[in-house]
Amino acid sequence: MQVTVEEILGKLISVSSIADTPNEEIVARIAAMAAPFARVRRLPDAVGRKTALLLSIGPDDRPGIVLSAHTDVVAVEGQPWTSDPFALTARGERLFGRGTSDMKGFVACVLGALPAFAAAAGATPVHVALSYDEEIGCKGAADLVAAVAALPARPLLCIVGEPTGMKVKRAHKGKGAWRLTALGRTGHSALPHQAANAVTALARLAARLADLADALKDGPQDAAFDPPYATLHLGSLHGGGALNVVADRAVLEFELRSIPGGDAAGVFRHIEALVAQARAGLKAQAEEADILLEELCAYPALATPADAPAAAAVARLCGDNDAPGTLAFGTEAGLYAQAGIPTLVCGPGDIARAHKADEWIGRDELAACTGMLARLAEAIRRPAPEWIVR
Ligand SMILES: [Zn+2]
């Protein structure tokens with residue numbers, strides 16, 4: 001007897017799979033469910049702690065479809081859940097659990113559709129690409145995207161199933177996040193001339209970055225986004241321990257969200273120059289002093305044209321008659337687009353429910369996604385170029 005999407009979702013939710021923890025259990029569970037229908041490729045990271053999965057159905061040497069998702073979820077500590085976040089709990093037509101919307105609901109629908117894909121994928125292959133550590137900056141997608149891009153035939157379409165209420169989304173901003181650590185020289189607060197104050201150095205640098213953030217408002221504009229310009233945000237600034245001691249350490253974290261086609265690399269070079277200036281100033285006070293710049297996460301913007309054939313194909317599959325929209329949040333879609341694969345974001349659920357207590361997805365939302373995948377299973381009976389590139 002075939003298992004239902006809801007049963008599959010229950011199995012996925014019961015494995016916690018928090019980002020940045022080993023993910024062997026969720027990988028093993030998904031691989032076992034997929035094995036009867038798909039070729040299962042495991043893509044372990046360099047240290048064997050995390051594994052991405054690439055499930056393929058149909059002929060590899062023909063251009064196919066990629067269904068992309070991440071299997072990690074954010075932690076639940078400190079959140080007031082009213083039911084066990086790792087036990088799928090139905091209340092009325094809503095199913096509660098960590099990852100229901102973001103984005104195990106989509107994964108469950110895709111796994112539920114594998115038998116239909118296996119029965120139909122003679123002309124167009126389907127590749128299911130499942131990453132890890134998306135929630136900590138798309139860290140687990142690079143090797144997976146490279147493996148997809150290296151398939152004998154490059155896919156003609158990638159659908160990233162992040163929660164969009166099954167609306168087709170074609171673009172989002174890119175993001176980079178960094179940590180600055182200033183290392184100065186400590187000393188008595190009465191003798192600041194013999195020390196190098198890390199707090200002062202980063203406070204000055206923070207002010208320069210804030211000026212740059214203001215300048216970006218007058219930079220390149222794209223009315224498809226709110227706000228329509230790149231943003232530079234200072235997230236946290238910590239340093240010092242006591243008033244009568246010169247701080248020898250301070251830490252500043254900031255992020256840059258860039259519009260597609262904006263000069264993100266140029267803005268970053270500007271930031272590097274400001275850091276170099278601050279570093280030189282601190283070193284002038286104490287030669288051993290330094291300011292370290294460390295990347296925390298980065299993903300590119302997504303900018304699939306509104307009139308792309310791939311966008312129209314996804315709109316037909318999910319019955320969305322509106323013009324494809326843009327997203328306020330980032331996804332792995334920009335990575336697939338960067339690899340030359342036309343990519344859209346479309347999945348069940350609502351991002352507004354994600355990362356919070358009592359995250360849920362509606363049974364109707366799962367049904368809508370299952371309907372889209374059933375139409376996809378019909379479409380793949382024909383070669384992809386016939387129904388995507390028109
Ligand atoms: Zn997500």
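Residues numbered from 1 in each chain as written. Predicted model: local features only at pLDDT ≥ 70, side-chain atom pairs only at ≥ 80, totals over all residues. Heavy atoms only, no water.

**Observations concerning the environment of methionine 372**
Secondary-structure assignment places methionine 372 in helix H9 (residues 363-379). C-alpha of methionine 372 to C-alpha of lysine 283: the two residues are 89 residues apart in sequence and 59 Å apart in space. If sequence neighbours within four positions are ignored, methionine 372 has contacts with Met166, Leu317 and Cys318. (Helix = DSSP H or I, 4+ residues; strand = E, 2+ residues; numbered from the N terminus. Contact = heavy atoms within 4.5 Å.)

**Describing the nonpolar core**
In this structure, Leu67, Phe117 and Leu373 are the most contacted members of the largest nonpolar core, which totals 60 residues. The biggest single contributor to this core is helix H3 (residues 100-120), with 11 residues. Setting aside residues no more than four positions away along its own chain, leucine 373 makes contact with Leu67, Cys109, Val110, Ala113 and Phe117. In this structure, Leu212, Ala278, Leu282 and Ala289 belong to the second largest nonpolar core, which totals 29 residues. (Core = buried A, V, L, I, M, F, W, Y, C linked by side-chain atoms within 4.5 Å. Buried < 20%, exposed > 50% of the residue type's maximum accessible area, 1.4 Å probe, protein only.)

**Some words on the packing of aromatic side chains**
By the definition in use, this model includes two aromatic pairs. Between tryptophan 178 and phenylalanine 254, the aromatic rings sit 5.5 Å apart at their centres with planes inclined by 25°, giving stacked as the arrangement. Of this pair, tryptophan 178 sits in strand S9 (residues 174-183) while phenylalanine 254 sits in strand S13 (residues 249-258), and the two are 76 residues apart along the sequence. Like phenylalanine 254, tryptophan 178 is buried. Relative to phenylalanine 268, the ring of tryptophan 178 lies with its centre 4.8 Å away and its plane at 15°, an arrangement referred to as stacked. Of the two residues, tryptophan 178 sits in strand S9 while phenylalanine 268 sits in helix H6 (residues 264-285), which places them 90 residues apart along the sequence. When sorted by exposure, tryptophan 178 lands in the same class as phenylalanine 268, which is buried. (Phe/Tyr/Trp six-rings, centres within 6.5 Å; stacked < 30°, edge-to-face > 60°.)

**A few points about the domain arrangement of the chain**
Assigned domains within the chain: domain 1 (5-172 + 301-387) and domain 2 (174-299). Each of domain 1 and domain 2 has a C-alpha centre, and these two points are 35 Å apart. In this complex, domain 1 contributes 15 residues to the contact, which on the side of domain 2 involves 10 residues. A buried area of about 830 Å², summed over both sides, lies between domain 1 and domain 2, and 64% of it is on carbon and sulfur atoms. Counting the contacts that link domain 1 with domain 2 gives two residue pairs in polar contact (both at pLDDT 80 or more). The set of elements that each furnish at least two residues to the side of domain 1 that touches domain 2 consists of strand S8 (169-172), strand S15 (302-303) and strand S16 (325-327). Per-element tally for the side of domain 1 that touches domain 2: the top contributor is S8, with three residues. (Domains from an automatic or database assignment. Buried area = accessible area lost by both parts, 1.4 Å probe. Polar contact = N/O pair within 3.5 Å; in protein donor to acceptor, adjacent residues only side chain to side chain.)

**Examining the sheet that holds strand S5 (residues 94-96)**
Pairing in this open sheet of three strands is antiparallel, and the strands run S4-S5-S18 from one edge to the other. Each end of this open sheet is capped by a strand with a single partner; those strands are strand S4 (89-91) and strand S18 (360-362). Geometrically, the sheet is characterised by an average inter-axis angle of 30° between neighbouring strands, direction not taken into account. Where S5 lies against S18, three bridges are found, and the strand directions are antiparallel. Paired with leucine 95 across the bridge in S18 is isoleucine 361. Those strands touched by H9 are S4, S5 and S18, and its axis lies near 65° from that of S18. (Pairing = 2+ DSSP bridges. Axes fitted to C-alpha atoms, helices over the stretch in contact; angles between N-to-C directions.)

**Overview of the coordination of the zinc ion**
Of the protein atoms, only His70 (NE2), Asp102 (OD), Glu162 (OE) and Glu162 (OE) coordinate the zinc ion, at distances of 1.9 to 2.6 Å. With four donor atoms in place around the zinc ion and angles of 54 to 142° between them, the coordination shape is irregular. Counting gaps between the donor residues of the zinc ion yields the pattern H-x31-D-x59-E. Linking aspartate 102 in helix H3 with glutamate 162 in the loop between strand S7 (157-160) and S8, this pair joins segments that are 60 residues apart in sequence. Summarising the burial analysis for this pair, aspartate 102 and glutamate 162 share the class buried. (Donors = N, O, S within 2.8 Å, 3.2 Å for Na, K, Ca; no water. Tetrahedral: all angles 85-135°; square planar, octahedral: opposite > 155°, others 65-115°.)

**Quick look at the packing of helix H2 (residues 24-34) against H3**
The geometry of H2 relative to H3 is characterised by a closest axis approach of 10 Å and an angle of 25° between their N-to-C directions. In terms of orientation, H2 lies roughly parallel with respect to H3. Residues Ile26, Ile30, Met33 and Ala34 of H2 lie in contact with H3, whose contacting residues are Lys104, Val107, Leu111 and Leu114. Residue composition of the contact of H2 with H3, by class: seven nonpolar, no polar and one charged. (Parallel < 35°, antiparallel > 145°, perpendicular 65-115°, else oblique. Nonpolar A, V, L, I, M, F, W, Y, C, P; charged D, E, K, R; others polar.)

**A look at helix H1 (residues 5-13)**
Along H1, the residues that are buried comprise Val5, Ile8, Leu9, Leu12 and Ile13. Along the axis of H1, the buried positions cluster into a sector of 135°, meaning they face one direction only. If you follow the buried residues of H1, they end up packed against H2, S5, H3, S18 and H9. (Arc of directions from axis to C-beta.)

**Side note on H9**
When the terminal C-alpha atoms of H9 are compared, their 24 Å separation across 17 residues agrees well with the 24 Å that a helix rising 1.5 Å per residue should span. Those residues of H9 not exposed but buried are Glu365, Leu366, Cys369, Gly371, Met372, Leu373, Leu376, Ala377 and Ala379. (Expected span 1.5 Å × (residues − 1).)

**Here we look at the side chain of aspartate 72**
Following the sequence through the fold, aspartate 72 ends up in the loop between strand S3 (65-70) and S4. A polar contact is formed between the side chain of aspartate 72 and the backbone nitrogen of glutamate 134, at a distance of 3.0 Å. If we skip the residues at most four places from it in the chain, aspartate 72 touches Ser17, Ala19, Asp102, Ser131, Tyr132, Asp133, Glu134 and Glu135.

**Some words on the pairing of strand S6 (residues 126-131)**
Look at any regular strand and the pattern is simple: side chains alternate between the two faces of the sheet. Burial analysis of S6 places six of its six residues in the buried class, which makes it a mostly covered element. Covered by surrounding structure in S6 are Val126, Val128 and Leu130 together with His127, Ala129 and Ser131, the residues of both alternating faces. Here strand S2 (residues 51-57) runs beside S6; their pairing, made up of five bridges, is antiparallel. If you follow leucine 55 over to S6, its bridge partner there is valine 128.

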